[in-house]
Amino acid sequence: MAPNRVELRQGAIELLILKTLTWGAQHGYTIARWIQHTTGDVLRIEEGSLYPALRRLEEKRLVQSAWGNSENNRRAKFYKLTEAGRAELKAESAVWLRYSEAVAKVLRSHRQPA
Amino acid sequence: MTDDLPKEPMWQRYRRLVRPRLNEELTDELEFHLQMRIEEYVREGMTPDAAQREAQARFGDLESVERECKALDRRLGARERRTERLGQLRLDLRFALRGMLRRPGFSAIAVLTLALGIGATTLLFGIVNAVLLRPLGYDRADRAIVIWNSFQDPAIPKAALSAQDAADLAAGLRGVETISAFTDWTANLTGAGDPARLQGYQVSPSFFSTLGVAPLAGRFFQELDGRVGSDRVVVLSRDLWRSRFGGEPAVVGRAIQINGEPYTVVGVAPEGFRFPDAPGFLFPEHADLWVPHDWLRDLSLPRGVRMLRVIARLPAGTAVDQARRLLESSAAAMREQYPGEYPPRSGWRPYAVPLRNQVLGETQPALLVLAGAGTLLLLVACANVANLLLARGSARSREMALRGAIGASKVRLAGQLFTENLMLALAGGLVGLGVAVGGSALVRAYGPRSIPRIETVSLDGRVVAFGLGLCIVAAMVSGLGPILQQGRRGARDLLRGDGRGVVGVSGASLRMALVVAEVALSLIVLVGAGLLVKSFVRLQTTEVGFAPTGVLTAQVTLSPAGYPTPEAQAAFFGALLGALSQQPGVRGAGGADPLPLSGDSWSGSFAVAGLAPDDQRPSAEISLATPGLFEALSIRMKAGRTFGPGDDPRSPAVVIVDSLLAARYWPGGNAVGQRLRSVGGADTSGMEIVGVAAHVRKSGARDEERPQIYRPWFQAPRDRMSLALRGDGSAAQLLPGLRQAVHQLDPAQPIARIAPMEELVARATAMDRFALLLLGSFALAATLLAAIGLYGVMSYTVSQRTREMGVRLALGARRGQLVRLVILEGMKPALAGLLAGVAVSMAIGRLMRGLLYQIGAIDPGTYLVAFGFLGGMALLACAIPARRAARVDPVLSLRSD
């Protein structure tokens, strides 16, 4: 467990899920693991909170779900991006990136205010 | 990790199957997650216990996640079910539409049939809505009552009150909020465009507050208005204000010239308020303006002069019955106090009627009969469409069975059938609404004016909603049979291939039941129409006692300012009649008050000289007549002479009586030379009967046949005369001459009520014409539909039994026998329907009584004709398929499968 953890805002979880699903349909566990690996376990979310988030996405018609068999041949519920989800991801990630870059720029700045 | 969702094509179906186990799914999903995590930790080397703890820690609060997910799942599930139902409906609709378009002939017949029924019923509801249901403009109408006098003579159920009657009764009506009296008042308007003769009413100051209306501009009357010596003020109707004064608000406060006197306009009544505006008040014309007269304080006129209508408003919560009891006790006190004025033999009794009934009550029975006929037509139309659907249902039974076999539930199939019927009914309803819109325009234009508010008939929101409701009802009624039939049928039998054997039983009996209903309903409408036709013919052929063709009528009322004395009035009318009779083309010119069919009436008691005075006083219709009247109207004289120029105020008083009166008192035919002691209440020294005229039906064919008395107009001249001119050609040709003659005598003198006498005659039967036209067309439509329905059923039955016919022929049956067989089978339900229709018609016949003239509601001739006509149609409808059955080729029919 990494010592430096960042708390995640709610909307951010949904954005991360959408991003994860761009690689194809997945069940909840693989989504959790993918986020964990990609961030080097810095953004460690409470895994349980994924599931309400997935349902909220489904309600907004950004993802669809269906039951299927997992890689080790067990019954698992798979989630998949819809067209609307893909568009939402594109728009939201652009906003997010602009925002975080702007914040980062300020934080890294060495110039004194004029 | 998979690239896509598993088994994508099966998506929806898969989903539907698991839907009910939402909670279980949630547990499975979360369990799976924890399991995977634990396994991973174990692989990394943890003990299972530690792995489980660690996995749970990473997951967070399992319970709260579960709770949150459950709530979200419920919402999702509900939304999904909604979408699914909508999708189903869309599918049904698309399917129904495709079905309709695939069978355009069937659909067109069904749609048109329903359009006829829905259109007729909606139109009638539109009329009922406009006339009977919409609130009256006067918003306290439900608490307002009308008070009438009644006397022994049942021919005059509603008699006016005198000011003293009204004042005494009002004193006894404790708790009444307001009470007011009014009577008609002729107003000649000058100084604002052409001189015009307007209809005014002299009303108590509380008139408007009794009716609960508020002025559009200015004010209504105040307590002191209308007392002797108070200022002359007037309230205008909105129509008059708009047409004569341009709708200028500045008119309020200005003086206008009425009957040669200045009247200050104090207010304008709201739009549509023309009270009294219904024939129930015995005033033929709606109000143009109102002037105040405090009738209940002005007791100068004797008790016997009865010309007032009295209305009162009850306080909230007071029943009309309570007012009636108070009236009864006041009347008892009055009889005691004035035994000479209210003798027991007069049978005097005041009574109260709710205002709403007074205004609308008289049209209600006729409208309800028509609305009922419209509904019957709709039912016949539904039965017909039901029959069509049944026949088609048989053709589609295999399709339905197949759908059932692959999993559609009965409810689902019924839903689909209902959707199809609803589409048909809605299409029919749309066309029907079009029919109703056109019909209501016709009714507005040509509907009888004797029906109050007929000119406001329109399809408002309520009527359209009613029409749409009818569509749903029609869809259910006409679709019930096929749906029931569908439910009963076994899928296996149908799928086996030969569905025919199964179709027969339930379908056939349903169809026969429908034929019985259709024929019965049609007979009811047909009998109704037949009764109306017969009574209309009688109305038209009834001798009215005079010849209306080519007669022009008009009314002239002189203003008191210009012609203050009877001598001045007599001089004007004498000169006018003289000038008119000199005009080329005029063959007769006469005057009367009132004129037959004018809507005005004057009744009074009379006494025959030489008969005991305590005999109950008979009453008669009285009118004043000039010498030329009998010639102008071609009233036949049975004996004696007509009035002459010598019958003037200086000569002895004379009268002409009608043949009814003469026959009642002098059956020997020696009426001429006898005397009447009094006419119209005023005792005179006696009047000699100089002539006997034929009885004239003064209110048209429906006349009550009351005795009539004419007095010479010039022996009792007055300010008003109705003119009758007979020319060589049409009545309209006489109008320019009339205008010119009046103008030459007095350029400021208006002429009112210009109309050919034939128009007055037509007006008297307008309601009959209207009812006949509507009911007649309904009856024709219903009969036609019933015949089509019967034909459809019979030809379907025959086509289904081709094989049986073939067998019968092969076994030696003769073709004539087959024809008889089919006809007998078809006529059985038709006869049952006819008999049922006769029974129902006889049971409800009394509803028609008010519309009939000189025939009973159970008129055997009419029943016979309707029975025969409809029976003949039924026979024809059976005969055609029967002949087809007989032409069957046995060999071909046996091979046909």
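Bear in mind the structure is a predicted one, so any value in this text is a computation, not a measurement. (Residues numbered from 1 in each chain as written. Chains lettered and ligands numbered in written order. Predicted model: local features only at pLDDT ≥ 70, side-chain atom pairs only at ≥ 80, totals over all residues. Heavy atoms only, no water.)

Chemist: Just to check I follow, could you spell out the overall build of chain B for this structure?
Modeler: The helix and strand tally for chain B stands at 26 helices and 21 strands. Relative to the compact-globule value of 29 Å for 897 residues, chain B shows a C-alpha radius of gyration of 39 Å, a clear excess of over 25%. Considered along the principal axes of its C-alpha atoms, chain B spans approximately 135 × 90 × 55 Å. Across the 897 residues that make up chain B, the buried fraction comes to 51%. Across chain B, contacts joining residues at least 24 apart in sequence account for 80% of those joining residues at least 6 apart. Here chain B displays about 40,700 Å² of accessible surface, and carbon together with sulfur accounts for 59% of that area. Positive and negative charge centroids in chain B, built from 100 and 80 side chains respectively, lie 8 Å apart. (Helix = DSSP H or I, 4+ residues; strand = E, 2+ residues; numbered from the N terminus. Rg over C-alpha atoms; globule rule 2.2 N^0.38 Å. Buried < 20%, exposed > 50% of the residue type's maximum accessible area, 1.4 Å probe, protein only. Contact = heavy atoms within 4.5 Å. Areas by Shrake-Rupley, 256 points an atom, 1.4 Å probe, with all protein chains shown as cover. Lys, Arg positive; Asp, Glu negative; His and termini not counted. Charge placed at Lys NZ, Arg CZ, Asp CG, Glu CD.)

Chemist: Explain the interface of chain A and chain B to me, please; I cannot follow it from the model alone.
Modeler: Reports often express the size of an interface as the amount of accessible area lost when the parts come together. Residue-level contacts link 39 residues of chain A with 34 residues of chain B. For the pair chain A and chain B, the two sides together bury roughly 3,600 Å², of which 52% comes from carbon and sulfur. It is Tyr29, Arg55 and Trp67 of chain A that lose the most area in chain A upon contact with chain B, and together they represent 21% of the buried surface on that side. On the surface where chain A and chain B come into contact, there are nine salt bridges. In this structure, the salt-bridge partner of Glu47 of chain A is Arg58 of chain B, at a minimum N-O distance of 3.2 Å. The interface formed by chain A and chain B includes 17 residue pairs in polar contact (both at pLDDT 80 or more). For the side of chain A that touches chain B, the elements supplying multiple residues, two or more each, are strand E1 (26–27), helix H2 (28–38), helix H3 (50–59), strand E2 (63–69) and strand E3 (75–81) of chain A. Each residue belonging to the side of chain A that touches chain B can be placed in one class, and the counts come to 12 nonpolar, 12 polar and 15 charged. (Buried area = accessible area lost by both parts, 1.4 Å probe. Salt bridge = Lys/Arg side-chain N within 4 Å of Asp/Glu carboxyl O. Polar contact = N/O pair within 3.5 Å; in protein donor to acceptor, adjacent residues only side chain to side chain. Nonpolar A, V, L, I, M, F, W, Y, C, P; charged D, E, K, R; others polar.)

Chemist: Sorry if this is basic, but what is going on with the environment of Arg706 of chain B here?
Modeler: Structurally, the position occupied by Arg706 of chain B is in the loop between strand E18 (682–693) and strand E19 (708–712). Note: C-alpha distance between Arg706 of chain B and Ser603 of chain B (103 residues apart in sequence) is 9.6 Å.

Chemist: Help me out: how do you make sense of a positive patch on the surface in this one?
Modeler: Residue and element names in this part refer to chain B. Together, Arg90, Arg94, Arg98 and Arg102 make up a region of like positive charge exposed at the surface. Along the polypeptide, Arg98 turns up in helix H4 (residues 62–102). Overall, the relative accessible area of 47% leaves Arg98 in the partly exposed class. (Patch = residues over 30% accessible without salt bridge, like charges linked within 9 Å, V, L, I, M, F, W, Y side chains within 5 Å.)

Chemist: Whenever I open this one, a nonpolar patch on the surface confuses me. Can you help?
Modeler: Residues and elements named next belong to chain A. Together, Tyr99, Val103, Val106 and Leu107 make up an exposed nonpolar region whose accessible area comes to about 430 Å². By the element assignment, Val106 lies in helix H4 (residues 83–108). Residue Val106 is classed as exposed on the basis of its relative accessible area, which comes to 60%.

Chemist: Please explain the nonpolar core as it appears in this structure.
Modeler: Nonpolar side chains in soluble globular proteins tend to end up buried together. Judged by nonpolar contacts, the single largest core of 106 residues is most densely connected at Phe207, Phe273, Phe275, Phe281, Trp290 and Leu355 of chain B. By size, the runner-up hydrophobic cluster in this structure holds 29 residues, among which are Ile13, Ile35, Leu62 and Leu89 of chain A. (Core = buried A, V, L, I, M, F, W, Y, C linked by side-chain atoms within 4.5 Å.)

Bear in mind that shape data such as this cannot, by itself, settle questions of function.
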